[in-house]
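For reference, the chains in residue letters:
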Amino acid sequence: MIDIRDAFSPSYAKARIKFLEAAATAGMAIRSHEHPLKGREGETLAMDTALDGSPDAQNLLIVSSACHGVEGFCGSGVQVYAAHDAEWRAKARDAGVAVLYIHALNPHGFSWLRRVTHENVDLNRNFQDFSKPLPVNEAYAELHHLLLPEQWPPTAENEAAVQAWIAEHGMTAFQAAITIGQHRFADGLFFGGTAPTWNNTTVRQVLREHAGRARRVAWIDLHTGLGPSGLGERIFACRDDAAAFQRAKDWWGGDGATPITSIYDGSSTSAKLTGMMWAAVYAECPQAEYTGIALEYGTVPIPEVIGSLRGDPWLHQHPDAPAELQAAIKQRVKDAFYTDTDAWRGQIVSQARQALFQAVDGLAG
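This structure is a prediction, so every number in the text was calculated from the model and none was measured.

(A) Geometry of the overall build of the protein chain. Looking only at helices and strands, one finds 14 helices and 8 strands in the protein chain. Scaling as 2.2 N^0.38, a compact globule of 365 residues should have a C-alpha radius of gyration of about 21 Å, and the protein chain matches this with 20 Å. For the protein chain, the proportion of its 365 residues judged to be buried stands at 59%. Across the protein chain, contacts joining residues at least 24 apart in sequence account for 81% of those joining residues at least 6 apart. Summing over all exposed atoms, the protein chain offers an accessible surface of approximately 14500 Å²; the carbon and sulfur share of this is 53%. Between the mean site of the 31 positive side-chain charges and the mean site of the 42 negative ones, the protein chain shows a separation of 5 Å.

(B) Broad picture of the pattern of salt bridges. Under the defined criterion, the tally for this structure stands at 21 salt bridges. Between Arg-115 and Glu-71 there is a salt bridge, with the nearest N and O atoms lying 3.6 Å from each other. You can see Arg-115 sitting in the loop between α5 (107-112) and α6 (138-147) and its partner Glu-71 sitting in the loop between β3 (59-64) and α3 (72-84), a full 44 residues away along the chain. Here the two residues Arg-115 and Glu-71 agree in accessibility, since each one is buried.

(C) Expanded view of the packing of aromatic side chains. Overall, the coordinates contain 13 aromatic pairs when judged by the stated rule. Where Tyr-338 meets Trp-344, the ring centres are 5.6 Å apart and the plane angle is 85 degrees; that geometry is what we call edge-to-face. For Trp-344, a relative accessible area of 2% gives the class buried. Among the aromatic residues, those joined into a ring-pair cluster are Phe-8, Tyr-12, Phe-73, Phe-110, Tyr-338 and Trp-344. Stacked on the ring of Phe-245, the Lys or Arg Lys-249 has its end atom at 4.6 Å from the ring centre. Just above the ring of Phe-73 sits the side chain of Lys-334; from NZ or CZ to the centre is 4.4 Å.

(D) Spatial organisation of the packing of α6 against helix α7 (residues 156-169). Running from amino to carboxyl end, α6 crosses α7 at an angle of 155 degrees, the nearest separation of the two axes being 9 Å. Considered as vectors, α6 and α7 are oriented roughly antiparallel to each other. Seen from above, α6 lies across α7 with left-handed handedness. Counted together, Glu-142, Leu-143 and Leu-146 of α6 and Asn-158, Ala-161, Val-162, Trp-165 and His-169 of α7 form the full contact between these two elements.

(E) Main features of the sheet that holds strand β7 (residues 260-261). Spatially, β1-β2-β4-β3-β5-β8-β6-β7 is the arrangement adopted by the 8 strands of the open sheet, whose pairing is mixed. The open sheet has two edge strands with one neighbour each: β1 (29-38) and β7. In terms of strand pairing, strand β2 (residues 44-52) meets strand β4 (residues 97-103) through 5 bridges, oriented antiparallel. Each residue of the ladder has a partner; that of Asp-52, found in β4, is Val-99.

Rules used throughout
- Sequence order sets the numbering: in each chain, residues are counted from 1 along the sequence as written.
- Whole-chain, interface and lining totals are the exception, using all residues; otherwise, since this is a predicted model, local features are given only for residues with pLDDT of at least 70 and side-chain atom pairs are given and counted only at 80 or more.
- As a rule here, side-chain values come from all non-hydrogen atoms in the structure, and water together with hydrogens is ignored.
- Helix and strand definitions follow DSSP, with helices as H or I runs of at least four residues and strands as E runs of at least two, each counted in order from the N terminus.
- Put simply, the radius of gyration uses C-alpha atoms, and a globule should come to 2.2 Å times the residue count raised to 0.38.
- Buried residues are those whose accessible area, probed at 1.4 Å on protein chains only, stays under 20% of the maximum for their type, while exposed residues exceed 50% and partly exposed ones sit between those limits.
- We call two residues in contact whenever any of their non-hydrogen atoms come within 4.5 Å of each other.
- To measure how exposed things are, a 1.4 Å probe is used in the Shrake-Rupley method; for residues, cover is taken only from the protein chains shown.
- The charge count includes Lys and Arg as positive and Asp and Glu as negative, but it does not include His or the ends of the chains.
- Here the site of a charge means NZ on Lys, CZ on Arg, CG on Asp, or CD on Glu.
- We define a salt bridge as a side-chain nitrogen of Lys or Arg found within 4 Å of a carboxyl oxygen belonging to Asp or Glu.
- Note on aromatic contacts: the rings of Phe and Tyr and the six-membered ring of Trp form a pair at centre separations within 6.5 Å, being stacked when their planes are under 30 degrees apart, edge-to-face when over 60 apart, and tilted otherwise.
- Two thresholds decide whether a charge sits over a ring: the Lys NZ or Arg CZ must be within 6 Å of the ring centre and within 35 degrees of the ring normal.
- In this description, a line fitted to the C-alpha atoms serves as the axis of each element, helices being fitted only across the stretch in contact, and the angle between N-to-C directions of two axes falls anywhere from 0 to 180 degrees.
- Geometric relationships in this document are graded by angle, where less than 35 degrees denotes roughly parallel, more than 145 denotes roughly antiparallel, 65 to 115 denotes roughly perpendicular, and other angles denote oblique.
- Crossing handedness is read from the near helix: turned anticlockwise from the far helix by less than a right angle, it gives a left-handed crossing, and turned clockwise, a right-handed one.
- Two strands are counted as paired when DSSP detects at least two bridges linking them.

Have a look at this one:
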């Protein structure tokens, strides 16, 4: 067992070392998919996988981190802790469930303290059918020029204009307009891209390699940035399918103690999104019955999260900004998606561990 604090890391480079060492010590089968660019410290970036169990297992649990880059500080800690957790590993092994850890789905964002990929793409909006017309987000188009002002911090006039939009339309509409994704403004927030990213194609390759023979696949994708601080909301992460939703509730709902929310019925803190990563399972693993959740941990209030994300693309467009301002913007992004306290980390690991045990019971049941 490892101390909870020691499972978490202050940088992507250190997180990757901890994960690979833990997986190797546990005897997991490791594969690294190297990213074409280097990290903030000049380090190699990679989407690393570690398989704990048989490659021919009929029941497979996927546990992934850093879909949104900087959120990896949380997700990596959960994965490292799990790799050291003998009781958890024995639970999965005895049930005949193989566990595939995907560390740093978006290593570039993790390293550079960004939520997006190196193409400024939100990976969880990038799994679209690009042969068809892409979704249009008119509400975001109204807001784009306000969200990315000429100067940073924004002027009082800019902030007043943003608040006027919120006063007219409501905070829920503001959150939805920004977060559901858009495919028009490549320099903007929650840009879903116009083609599959490196991360998209690599995730699909990982799924084909590791889940192509499984009969049942479960997926827990670790996220941060929505909801009350430290609370892990379990958001249904499948197609709008009644049978899959019922399985998710049976597995992870805890008889109501840990309810499963859904973007389809409005019960989730998340808006209804398109182009989400789990869609790849249906294409790459058509033989498997799939059940998944996003485990979404709260950090700070949503206005602060959005405020941090406005600064990030501004900085990307102004790389010669003063060093002090650059550092402040980066730190604000990290703080919006990772709460650096022992109490918060304890909540994260406790809830993740519960969800892991529940997933094994569901898959083996």
